[in-house]
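These are the residues of each chain, in order.
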Amino acid sequence: MRTPYIAGNWKMNMTPSAGKAFAEELRAAAEKAGADVKMMVAPPFVTIPAVAEALKGSNIIVAAQNMADHTSGAYTGEVAPAMLKDLGVNTVILGHSERRSYYGETDAYINGKVLLAIKEGMDVVLCVGETLEEREGGKLEEVLSTQLSGGLKDVKPEEMAHITIAYEPVWAIGTGKTATPEDADGAHQFIRSFVAKMYDSTIAENLIIQYGGSVNASNVKALMAKENIDGALVGGASLSVEKFLPIITFNK
Ligand SMILES: O=C[C@H](O)COP(=O)(O)O
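Source: prediction; values computed, not measured.

A. Examining the pairing of strand S3 (residues 60-64) more closely. By the criterion of burial, S3 is predominantly enclosed, with four of the five residues buried. Alignment of strand S2 (residues 38-42) against S3, held across three bridges, turns out to be parallel. The residue bridging methionine 39 from the neighbouring strand is isoleucine 60, located in S3. Once you follow S2 into helix H2 (residues 48-54) and on to S3, the crossover reads as right-handed. With two bridges joining them, S3 and strand S4 (residues 91-94) adopt parallel strand pairing.

Structure follows, in structure tokens:
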């Protein structure tokens, strides 16, 4: 039985004060509604302390959107795992398509961060997904295989409990275009079977695979009804309590 895992990736939105107010409102709304899913929000680095304070003692996890591939030292502009852990952050999103496409992050570089996060005892949400060109060119499975084998290289079977995969077709991110539940489920099924080949069927069965790409109140139920879709990584709709609440309560 896989517990639904709904995450809000705030991307480069929310100042510390706006994030604090939002987190307080979200916490109250989620508690009132009796939200019964695993919940996470990923604020920008500088907003994390205010949000962590506002969500202290709640069941909403605070995560980071990225992390350095080193533990400390002369890496201007980077944030180390220990700095995140000092704020109570034990989860990190890695390999988001925006990091891959705008900042040139490769599978090997992402893999270095995945291994470091695990070594530091953190949980990882590893993002994978294809561009429209790749999908239309029949390369969906090739792209997912490369990103999974590259991103998870040297991750040991017993460490896979710390990994969540987020399948995010690049063409569906922030565009209002959602993959149909069937398309998304097909990709998730492929990911699960690939992980079964890399590891074993138990690890694959227990793996949480989130879908991300224009998830909203209207499409979340149909997506979550699919056998291989275990959660959502929500961007735009996670920035308003009114829009995010129906997503975290999709099963109520
Ligand atoms: O990390 C979240 C995804 O990129 C999805 O963003 P979106 O819900 O705005 O399409």
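B. Structural view of the packing of helix H1 (residues 16-33) against helix H11 (residues 241-248). At a minimum axis distance of 10 Å, the contact between H1 and H11 shows a crossing angle of 35°. When you trace H1 past H11, the crossing you get is right-handed. Residues Phe22, Glu25, Leu26, Ala29, Ala30 and Ala33 of H1 pack against Val241, Phe244, Leu245 and Ile248 of H11. A class-by-class count of the residues in the contact of H1 with H11 yields nine nonpolar, no polar and one charged.

C. Region of interest: the UniProt feature "active site" (unreviewed entry) in the protein. Feature annotation in UniProt places "active site" (unreviewed entry) on His96 and Glu168, given in this structure's numbering. These annotated residues cover 73 residues of sequence, and their C-alpha atoms lie no more than 8.4 Å from one another, placing them together at a single site. Within the fold, histidine 96 resides in the loop between S4 and helix H4 (97-103). Mapped onto the elements of the fold, glutamate 168 is located in the loop between strand S6 (163-167) and helix H8 (181-198).

D. Layout of the site of the ligand. In the vicinity of the ligand, 13 residues are found, and the nearest of them are Lys11, His96, Glu168, Gly174 and Ser214. For the ligand, an oxygen atom lies 2.9 Å from a polar atom in the backbone of glycine 235. Burial of the ligand by the protein chains amounts to 95% of its free accessible area of 310 Å². For the shell around the ligand, the per-class residue count stands at four nonpolar, seven polar and two charged.

Rules and cut-offs
- Residues numbered from 1 in each chain as written.
- Predicted model: local features only at pLDDT ≥ 70, side-chain atom pairs only at ≥ 80, totals over all residues.
- Heavy atoms only, no water.
- Buried < 20%, exposed > 50% of the residue type's maximum accessible area, 1.4 Å probe, protein only.
- Helix = DSSP H or I, 4+ residues; strand = E, 2+ residues; numbered from the N terminus.
- Pairing = 2+ DSSP bridges.
- Right-handed = clockwise from strand over helix to strand, strands pointing away.
- Axes fitted to C-alpha atoms, helices over the stretch in contact; angles between N-to-C directions.
- Left-handed = near helix turned anticlockwise from the far one by under 90°.
- Contact = heavy atoms within 4.5 Å.
- Nonpolar A, V, L, I, M, F, W, Y, C, P; charged D, E, K, R; others polar.
- UniProt positions renumbered as here; feature names shortened; annotations may be inferred.
- Near = heavy atom within 4 Å.
- Polar contact = N/O pair within 3.5 Å; in protein donor to acceptor, adjacent residues only side chain to side chain.
- Areas by Shrake-Rupley, 256 points an atom, 1.4 Å probe, with all protein chains shown as cover.

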